[in-house]
Amino acid sequence: MPLLELRQVTRRFGDFTAVDHVDLAIDAGEFFTLLGPSGCGKTTLLRMIAGFEQPDEGQVLLDGVDLADSPPEARPVRTVFQSYALFPHMSVEGNVAFPLQMAKTPAREIPKRVAEALEDVRLTGFGRRYPHELSGGQRQRVAIARALVTHPTMLLLDEPLAALDAKLREEMQIELINLQKQAGITFVYVTHDQTEALALSHRIAVMNRGNVEQVDEPSKVYRFPKSRFVADFIGQCNLFSGTVAARDGGIVSIAVDALGTVRVATPSTIAPGTRASIALRPEQIRIGASQGDTASDNRFRGTVSDLLYMGDVTVYRVRTDGGAEVEALLANSQTGRAKFFEPGDAVEMDWPAAAGHFIED
Amino acid sequence: MRKRRITLAKVAAAFGYAFLYLPLVIVVVYSFNDSRLNAEWVGFTLNWYRTLFADDDMLVAARNSLVIGLCASAVSTVLGTMAGFAMHRWKTRVLPILVLTPIAIPEILVGVSLLIFFVLLNFTLGLVSVAIAHIAFCIGFVAIVVRARMAGMDESLTEAARDCGATPWQAFRYVTLPLIMPGVIAGALMAFTLSIDDFVITFFTAGAGTVTLPLQIYSMIKIAVTPEVNAVSTLLMLLTLLLIVIASRLSPSLLRSQESTP
Ligand SMILES: Nc1ncnc2c1ncn2[C@@H]1O[C@H](COP(=O)(O)OP(=O)(O)O)[C@@H](O)[C@H]1O
Ligand SMILES: [Mg+2]
C-alpha cells in the first residue's frame, strides 16, 4: 500500500479549477517531486496534503486512512514553507523546540532533540540566534530542522530553494538528498525548476493546469515524455508534428511539414493518416559538415542560423533546406575549440530512428 | 514662487500649531503662577499642587477615574483584540462597520443612548455604568490598532504553527499574540487615556453621586477657572502625553494613520 494516496482530488476557486481530479500514489521513503510551471496548482495540491485546504472532491489518504477530518496539527506531515515562516520572536532553538513542545515531549528531552536536529542541518552553535540574524541559507536549514525534529512520516517542501542563489542552491540540493536518505522520511517536493526535479527526485509528477500529465522516474520523464507538454517543459526538445505516412516493423514514418519524412522507432500500432509528434532531444542529433555516405534513418541538410554558446555545450539552431528549425547540441569538449560552426555554415544532421520519441497527439 | 509657497505653508503650520498648543501652554504656566487670577505672572509656586493633593473631592474623583480607566482598558483590550482578530481573520465588510461605527458616531449620541439603555435595564448609574460605557467606546479603537498590527504579520506564520502541531488556540497564544503584543499594549494605553479624558459619555452615564476627574474639573470651572484647575489639568495632560508617547513607540503606525493599513 502506498504511504500517501490522492484519489480524484479536485480544488476549485470560484469558476477556476486549480487542481483537477488528480490521482497520485507516493511510497514510503520516496523523494517525490511535483513539477510544473507557475500557477499549475502545485502549492494548492501540497496545501491539501498538509490540511490547509480542503479538496472540493476526492480523498487524501495517508496509510489508507482518509484525512478529510484531520486538521493540520493532527497530520503526521510537516511543511517547509517557501517563505521559511520561522517565528521571528523565537530563537533558533525556540523555533526547533516548538513542535516538540506542542507534541508534549518531556521537557528534559527537548534540548537533546533540538541539538540533534540542528546538528543534522549543520547549524550547531546557532541555537541562540534569532531568525533575522541568519542568512537565507541558514534560515532554510532552521526551517528544515524544525520540520524534521519530530520525525514526521512525510515532509512537504514548497519551492524551498527558490529564494537562494544558484551556488547555494546546488549545495542545498545535495544536502537535501543526503538528509532524505539519512532520515528515511518521504519527501514531497514542489518546484518549477526541471533541472532541480531531475537531479533530486526518485519520481516526478509533471503538472499542467491542475492535471498530472506524467508520473515517472527522471530519466523516463526526460527520455519518454508522454505528451508534447512534458517534452517541451523538461529540457530543450525538438517537437516535430505531422501525419503518419507508413508503419513498418516497429518503425513509423511521419510526414513533417517543412522538414520531410522522419522515421521513429515505436511499438505503437497507430494507423496511417493519424496526426502524431516526435520529440527529439538536441543532444541526440549528430551534426557535422558532412555525415559521409553511410545509410541513416534520418538525414537532413541545412544552414546554421543561430548559436547559443553555454560554456560546456553549444546549441546550434539549424534551418533545414525545407525551412524547418531544428536545434542540435554539441559538447565543446575538444581541446582548443570554443565552437565548431558559425552562423551561415552548411551542415548535415543525422539521427537513428531510435533517438526520437513517438508521441500520440 | 515655489520658495514663497513653502514659507507660506510653514507660517500657516506655525499658526496652526500655536493655535493648538498655546492654550495648553497657558494652562501649564498659570498652574505655577503665584496668583489667584489667571492674569499677570506674579511668581513661581507649587502651592496649587499642594492644594490639589489636599482636596478630598479631587482625590476621590482621581481615584474613580483611575479605577474606571484600568477596568475599561483591561476589558476593552481583551474584547478589542478579539474584534481585531476577527476583522483580520474573516475579511467581511460587515465586521469593520460594526466595530468602527461607534467611533464615528457623535459622542453625545453615544452618551444619550447609553443612558437610555441603562435606564431601560433599570441599571443603577455609578462607577459600573461608567466603566461599561467606556469599555463600549474603547473597543473600536483597540480593534483598529490590533488589526493594523496583524495586517503586517506574515500569514504563513499561523499556518506554520498549526503545521508544527499547535491547535488554533495554541497558534494564537504562542505565535499570533506575542507578535501583535506591541499593538495590544498600544491599544490598552490608548483605551486608558480615552477613558481618563472622557467627559461627554461619562457625564451622561455617571448618575448623581459619581465624579471623575473631568467631571470634577467641570464642576469647579462653573464657579471660576482656579489655578487648582490649571494644576490638575496639567497633571492630566502630562499623564496623557506620556501614555501616547509610549503607545506610539510600541506601534509606530499609529502616528502615520494614512499608512496604518497596508
Ligand atoms: N486562495 C486562492 N484563491 C483564488 N485562487 C487561488 C487561490 N490559491 C491559488 N489560486 C489559484 O490557483 C492556481 C494555482 O495556484 P498554485 O497552487 O499556487 O500554483 P503553483 O504553486 O503551481 O504556482 C493559480 O492560478 C492561483 O491563482
Ligand atoms: Mg506555488
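Everything below is about the structure shown above.
Note that this is a predicted model, so its numbers are computed, not measured.

A. Layout of the sheet that holds strand S1 (residues 4–13) of chain A. All names here are of chain A. If you trace the 4 strands from one edge of the open sheet to the other, you get S2-S1-S4-S5, paired in antiparallel fashion. Of all strands in the sheet, those bounded by a partner on one side alone are strand S2 (16–26) and strand S5 (65–66). Bridge count for S1 against strand S4 (residues 57–62) is 5 bridges, and the pairing is antiparallel. Bridging from a neighbouring strand, Leu4 pairs with Leu62 of S4. The strands that helix H1 (residues 42–50) touches are S1, S2 and S4; relative to S1, the one it contacts most, it runs at about 120 degrees.

B. View of the site of ligand 1. Residues and elements named next belong to chain A. Around ligand 1 lies a shell formed by Phe13, Phe16, Ala18, Pro37, Ser38, Gly39, Cys40, Gly41, Lys42, Thr43 and Thr44. Cys40 has a polar backbone atom sitting 3.2 Å from an oxygen atom of ligand 1. Gly41 is positioned with one of its backbone polar atoms (N or O) 3.0 Å from an oxygen atom of ligand 1. Burial of ligand 1 by the protein chains amounts to 59% of its free accessible area of 560 Å². Counting only elements with at least two residues in the shell around ligand 1, the list comes to S2 and H1. Considering each element in turn, the shell around ligand 1 owes the most residues, 3 residues, to H1. Of the residues that constitute the shell around ligand 1, the class distribution is 5 nonpolar, 5 polar and 1 charged.

C. Representation of the nonpolar core. In terms of nonpolar packing, the biggest core is built from 57 residues, with Leu6, Leu34, Leu45, Phe98 and Met154 of chain A touching the most fellow members. If you tally residues by element for this core, the top one is helix H8 (residues 168–197) of chain B, at 8 residues. Listed in part, the 34 residues of the second largest apolar core include Leu100, Val114, Leu164 and Leu179 of chain A.

Rules of the game
Residues numbered from 1 in each chain as written. Chains lettered and ligands numbered in written order. Predicted model: local features only at pLDDT ≥ 70, side-chain atom pairs only at ≥ 80, totals over all residues. Heavy atoms only, no water. Pairing = 2+ DSSP bridges. Helix = DSSP H or I, 4+ residues; strand = E, 2+ residues; numbered from the N terminus. Contact = heavy atoms within 4.5 Å. Axes fitted to C-alpha atoms, helices over the stretch in contact; angles between N-to-C directions. Near = heavy atom within 4 Å. Polar contact = N/O pair within 3.5 Å; in protein donor to acceptor, adjacent residues only side chain to side chain. Areas by Shrake-Rupley, 256 points an atom, 1.4 Å probe, with all protein chains shown as cover. Nonpolar A, V, L, I, M, F, W, Y, C, P; charged D, E, K, R; others polar. Core = buried A, V, L, I, M, F, W, Y, C linked by side-chain atoms within 4.5 Å. Buried < 20%, exposed > 50% of the residue type's maximum accessible area, 1.4 Å probe, protein only.

Just geometry here; none of it tells us what the structure is for.
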